[in-house]
Amino acid sequence: MHVPGPLSSTWTTYLGLLSALSATFAPAVAVKEHDFKKCHQSGFCSRNRAFADHALASSSWQSPYSIAPESGSFSDGQYHGVILKNINDDGETIRLPITISFLESGTARVTVDEEKRQKGEVDLRHGSKARKERYNEAEQWVIVGGTTLDKAAKVDYEDKSQLAVKYGPSSKFEATIKFSPFSIDFKRDGSSQIKLNAHGLLNIEHWRPKVEKPVPEKKEDESGEENKTEETKEEPTGVDESTWWDETFGGNTDTKPRGPESVALDISFVGYEHVYGIPSHASSLSLKQTRGGDGNYQEPYRLYNADVFEYILDSPMTLYGSIPFMQAHRKDSAVGVFWLNAAETWIDITKAKDKKNPLSLGVNSKTSTHTHWISESGLLDVFVLLGPTPKDLTAKYGELTGTTAMPQEFSLGYHQCRWNYVSDDDVKDVDRKMDKFKMPYDVIWLDIEYTDEKKYFTWDKHSFADPIGMGKQLDSHGRKLVAIIDPHIKNVDNYPVVAELKSKDLAVKNKDGNIFEGWCWPGSSHWIDAFSPAAREWWTSLFKYDTFKGTMENTWIWNDMNEPSVFNGPETTMPKDNLHAGNWEHRDVHNLNGMTFLNATYQALTSRKPGELRRPFVLTRAFFAGSQRVGAMWTGDNQAAWDHLAASIPMVLSQGIAGFPFAGADVGGFFGNPEKDLLTRWYQAGAFYPFFRGHAHIDARRREPYLAGEPYSSIIAAALRLRYSLLPSWYTAFRHAHLDGTPIVKPMFYTHPSEEAGFAVDDQFFVGNTGLLAKPVTEKDQTAVDIWIPDAEVYYDYFTYRVIPTARGRSVTLDAPMEKVPLLMRGGHVFARRDVPRRSSALMKWDDYTLVVAVGRDGKATAEGDLYVDDGDSYEYQSGQYIHRRFVFDGAAGSLSSVDAEGREPEPAGSVAEGEWLKRMRGVGVDKIVLVGVPDSWVGKKSVQVESEGRVWEAKMEVVPAAEGRAAFAVVRKVGVRIGADWRVVF
């Protein structure tokens, strides 16, 4: 969230107390692009873009970086060498140690450091306390596995000019390391896939001493005004030095005690036209070019976590979080790179036809994508993933950075939020009315106004006088409370939290080593330094139930403003020359900052009282690679507008393929007042976000879904119930994401990597492995949608069972009146749902299941699916306390069977291995089976044979014949099998 517009009375009153300076610290009420840097305003980005322009304009350009062949050695899957660069006519050379690691997973890693900085052999300006080395600790926060060296990797050939290494599964991957000029060509099955430094744009700004230059005399012109003609600061080579040692933007000056230290590299995806990833941006899923002609962005994609409220759409502008993971895709082939750098990063993207045969006139030539990665500081550290499938990429990335945490089951339900519910009575009233209007929900949220004057870990004693009573009412229906806790701590007397923060020296410091003071919601604030182990330990203590009084076991946490947002800071964030634990500059770790705070909160929630072993729920706004292990995210402060609804879908899809699938957008739009059509359509779309929350600004009108009025409230209620009925399938999708990094909602290129027409489609998606294909309505007055059909399988309307007249690779028009969610079932799938409406997911816990079988095109094909169930709360699933079933429909045999999906033998009833939850689940079964698209020969059948646990019995079946475009379908009721047992139904 961000400052209201117009300003709320509370905020206005508060600012009035800040005297005339208040205007300085109050942020604007809508995004202003000039408040955030463009590349030409960022010294290191501008320099590297100019370097690229110079290199690419020259037909004779060669990279000045070369590996000294005699420095190289290869053993146990790792190459070590030294890159050299001459930096002047005297032959002075900088030395850049390079390590190329070939990993058992088939991933390769290229790391380049700087010898002088690595050894600390540098002097810093201003007597700075900043660390001398290049930042080298990102790995400690981000990488959790997948780095075991491939000791079977071997040198395939070597001479004085290059070295080739075979590695990966069956040695089908190859890296050719060219020494001079330095470059690497990564191949799969003998064909080039990814090239590093093929265009010679590698640029590592090495350490250099500051040479003071005389300041030109100030002269006055005839009018008496000072002549402000700038001193020319150009090296003979044409390099602009003006921002080497300090840089000013928006009235803030960034001192640079280490001088220029950016790292940049060109990475080419050979033969790949589409690239995806690097969230978060309000852009298309398939990333656009950033240089060149009409339709292209003219700015690079920027990764610099910032509080960009009311963000603009179709833009490469930075947003709240950063994941520097990019994938490239072409027909039946996918590759990717992960750029491990937490500093501000810019990425240029261009595309070009390969020029192989000048006589071909471009016929059959392939398009390649060329990217230019530029980071302000740190190591050059890039992982190369050679696929070959999109699923391989997300799995290998998940192996490196971790997969999404197995969530609390309640967190997949609907979350009701606004800034702010004004009292505990207000919360209880909303809770009662959601029940009255039969609208299921699981969580209600509290924004900053619940606190005592913006002091976190406190309650407003007037408005929230009885938080325990509030929590108990919610708990009686299985519901939860989420309270916001931000990283800025109010700097005021008689507040124990800030007193401890200061006395224990746990806050972020300014460049002089003193505690940093900035401005955020409370006014004057300090920021916890979550990079500090001591600070994290202290943070954990604040969440204890007996410390944060008023919280209960059903209280969870929301971390906002953790980019960090600093209202009076440069670009509304923290100065880059601030210092963190270990004296690392903030510039080195900026994009990691939010993740460290999220991680601290997550860990705190695991230890609120002894013996409480429950999965935490934390929502974060800022994130980095690895944040998926400890939380959910949302797309920030969007607007109540149709185009923001449309933009939310590619944004959520991008999060999923970049390894952070627990994602959503504020339903209804945070800023503004949505018209009722928009609000209703947004609920229909939000029912398919992995994270489903309605949220509104403090100045927005109340818009709880029951206030919409008819017919809208009933339509919204139906969307909510649709979400709740499918919770078993959503939870199963999260299990797969947890196991192997699979996205929860999947774009077309991911599910159908051979269908080129789908590579740019980003307004529809499949849900998990269910075969459910959704296309939300995102345009005003739209009563029909065109949905692209990716294959030749049969598709059915989810609600009517109508057979969709389809053709592979073509679009079909679906009716979509206001009350209709465009949702199809793909033939060949089985999925689970629960059909009894309940008020919350907790009240569904022991309900029986319905299985839906979408029969394949010829009626005799197989259909498959699975269901994963655990207690949805604890970590007991890690010790085998879960149910995971695989369902197979055999059309030829006319049977549906259930077996353990992992081949586990069932434990005897009442055994020690069967915990309390599994014992209780013995009473949960399959109540109903719905089969859509059954053969006409089934018409007239009245019963089925059921076989399970040594018994055989009959269950009743009703078969409805096909009519008017609707498929024939069958319903088996009172099936009578346990969900955790092996069974078979013969039709």
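Note that the structure is a prediction, hence the values are computed from the model and not measured.

Analysis parameters
Residues numbered from 1 in each chain as written. Predicted model: local features only at pLDDT ≥ 70, side-chain atom pairs only at ≥ 80, totals over all residues. Heavy atoms only, no water. Helix = DSSP H or I, 4+ residues; strand = E, 2+ residues; numbered from the N terminus. Rg over C-alpha atoms; globule rule 2.2 N^0.38 Å. Buried < 20%, exposed > 50% of the residue type's maximum accessible area, 1.4 Å probe, protein only. Contact = heavy atoms within 4.5 Å. Areas by Shrake-Rupley, 256 points an atom, 1.4 Å probe, with all protein chains shown as cover. Lys, Arg positive; Asp, Glu negative; His and termini not counted. Charge placed at Lys NZ, Arg CZ, Asp CG, Glu CD. Pairing = 2+ DSSP bridges. Phe/Tyr/Trp six-rings, centres within 6.5 Å; stacked < 30°, edge-to-face > 60°. Lys NZ or Arg CZ within 6 Å of the ring centre and 35° of its normal. Salt bridge = Lys/Arg side-chain N within 4 Å of Asp/Glu carboxyl O. Axes fitted to C-alpha atoms, helices over the stretch in contact; angles between N-to-C directions. Parallel < 35°, antiparallel > 145°, perpendicular 65-115°, else oblique. Nonpolar A, V, L, I, M, F, W, Y, C, P; charged D, E, K, R; others polar. Disulfide = S-S within 2.5 Å. Expected span 1.5 Å × (residues − 1). Bend = angle between axes of the 7 residues up to and from the residue. 1 Å grid on protein atoms, 1.4 Å probe; cavity = no way out; pocket = protein on both sides within 12 Å on 5 of 7 lines; lining within 4 Å. Points joined across faces, edges and corners; volume = space filled by probe spheres on them.

### A word on the overall build of the protein chain
A tally of regular secondary structure across the protein chain gives 17 helices and 50 strands. The C-alpha atoms of the protein chain give a radius of gyration of 29 Å, which matches the 30 Å a tight globule of 987 residues would have. Here the C-alpha coordinates of the protein chain stretch approximately 100 × 75 × 60 Å along the principal axes. By residue count, 62% of the 987 residues in the protein chain fall in the buried class. Within the protein chain, residue pairs in contact and separated by at least 24 positions form 71% of the contacts whose partners lie at least 6 positions apart. For the protein chain, the accessible area works out to roughly 36600 Å², and carbon and sulfur atoms hold 48% of it. Of the charged side chains in the protein chain, 114 are positive and 135 negative; the average position of the first set lies 5 Å away from that of the second.

### A closer look at unusual backbone geometry
Residue N420 follows W419 across a cis peptide bond; omega there is 10°. Of note, N420 is situated in the loop between β22 (414-416) and α7 (424-436). The phi angle at T572 is positive, at roughly 60°, despite the residue not being glycine. By relative accessible area, which is 11% here, T572 ends up buried. The phi dihedral of E949 falls on the positive side, at around 50°, and the residue is not glycine. The topology assignment puts E949 in the loop between β47 (943-948) and β48 (951-960). E949 gets classed as exposed once you look at its relative accessible area, which sits at 51%.

### Details of the sheet that holds strand β29 (residues 618-620)
The parallel open sheet is built from nine strands, whose spatial order is β31-β30-β29-β28-β24-β23-β22-β33-β32. The open sheet has two edge strands with one neighbour each: β31 (663-664) and β32 (666-667). In this structure, β29 lies alongside strand β30 (residues 632-634), joined through two bridges in parallel fashion. Across the sheet, residue T620 finds its bridge partner in β30, namely M633.

### Considerations on the pairing of strand β12 (residues 246-249)
Of the two faces of β12, only one is covered, namely that formed by E247 and F249; the face formed by D246 and T248 stays uncovered. Pairing between β12 and strand β13 (residues 252-255): four bridges, direction antiparallel. Bridge pairing links F249 to N252 in β13. Here β12 folds back onto β13 in antiparallel fashion, the turn holding two residues, of which G250 has a positive phi close to 60°.

### Looking at the sheet that holds strand β40 (residues 823-826)
The sheet built from five strands is open, its strands ordered β34-β35-β36-β40-β38 with antiparallel pairing. Both outer strands of the open sheet, β34 (745-746) and β38 (795-797), are each paired with one neighbouring strand and no more. Relative to β40, β38 runs antiparallel, the two being bridged by three bridges. Along β40, the bridge assignment pairs Y796 with M825.

### Points about the packing of aromatic side chains
Aromatic rings considered in pairs are described by the distance between their centres and by the relative angle of their planes. Taken as a whole and assessed by the stated rule, the structure comprises 52 aromatic pairs. For the pair Y414 and Y683, a centre-to-centre distance of 5.6 Å together with 55° between the ring planes defines the contact as tilted. Taken together, the positions of Y414 in strand β22 and Y683 in helix α13 (residues 676-686) put the pair 269 residues apart, joining distant regions of the chain. Centre to centre, the rings of F749 and Y750 are 6.5 Å apart; their planes meet at 80°, and the pair counts as edge-to-face. Exposure remark for F749: the relative accessible area of 1% places this residue in the buried category. Members of the aromatic cluster, joined through ring pairs, are F410, W445, W556, W558, F617, W634, F662, F691 and F734. The ring of Y304 carries the charged tip of K576 above its face, separated from the ring centre by 5.1 Å. In this arrangement the basic side chain of R723 is found over the ring face of W730, its NZ or CZ atom lying 4.3 Å from the centre.

### Section: the pairing of strand β18 (residues 333-339)
When you tally the buried positions in β18, you get seven out of seven residues, the bulk of the element. A two-sided burial pattern is seen for β18, the buried positions comprising S333, V335, V337 and W339 on one face and A334, G336 and F338 on the other. Alignment of strand β17 (residues 325-330) against β18, held across six bridges, turns out to be antiparallel. Across the sheet, the residue bridging to H329 is A334, located in β18.

### A look at the pattern of salt bridges
Taken as a whole and assessed by the stated rule, the structure comprises 66 salt bridges. A salt bridge links E115 to R95; its shortest N-O distance comes to 3.1 Å. Of this pair, E115 sits in helix α4 (residues 115-118) while R95 sits in strand β4 (residues 93-102), and the two are 20 residues apart along the sequence. Across the salt bridge formed by E958 and R973, the nearest N and O atoms sit 3.6 Å from each other. With E958 in strand β48 and R973 in strand β49 (residues 969-978), this residue pair connects regions lying 15 residues apart in the sequence. Using a relative accessible area of 43% as the deciding quantity, one classes R973 as partly exposed.

### With respect to the packing of helix α12 (residues 642-657) against α13
It is the contact of α12 with α13, at a shortest axis distance of 10 Å, that shows an interaxial angle of 5°. Between α12 and α13, the crossing angle belongs to the class labelled roughly parallel. From α12, W642, H644, L645 and S648 reach across to α13, where they touch D677, L678, R681, W682 and A685. Of the residues belonging to the contact of α12 with α13, the class tally is five nonpolar, two polar and two charged.

### Digging into the state of the cysteines
Per the stated rule, a full pass over the model turns up one disulfide. Here C39 engages in a disulfide with C45; their sulfurs sit 2.0 Å apart. Across the S-S bond linking C39 and C45, the dihedral sits near -100°, which makes this disulfide left-handed. Residue class for C39 comes out buried when judged on its relative accessible area of 2%. Take C45: its relative accessible area is 0%, and that puts it in the buried class.

### A few points about helix α11 (residues 586-605)
In a regular helix each residue adds 1.5 Å, so 20 residues correspond to 28 Å; α11 covers 26 Å between its end C-alpha atoms and thus fits that length. The sharpest bend along α11 comes to roughly 60°, located at L592. With respect to burial, α11 is a largely interior element, 18 of its 20 residues being buried.

### So, empty space enclosed by the protein
Considering all chains together, one arrives at eleven cavities of 30 Å³ or more under this definition. Each pocket or cavity is described by its volume, and for the largest cavity that value is around 100 Å³. Lining the largest cavity are 14 residues, with A405, P407, P616, G631 and F662 positioned closest to its centre. Each residue belonging to the lining of the largest cavity can be placed in one class, and the counts come to ten nonpolar, three polar and one charged.

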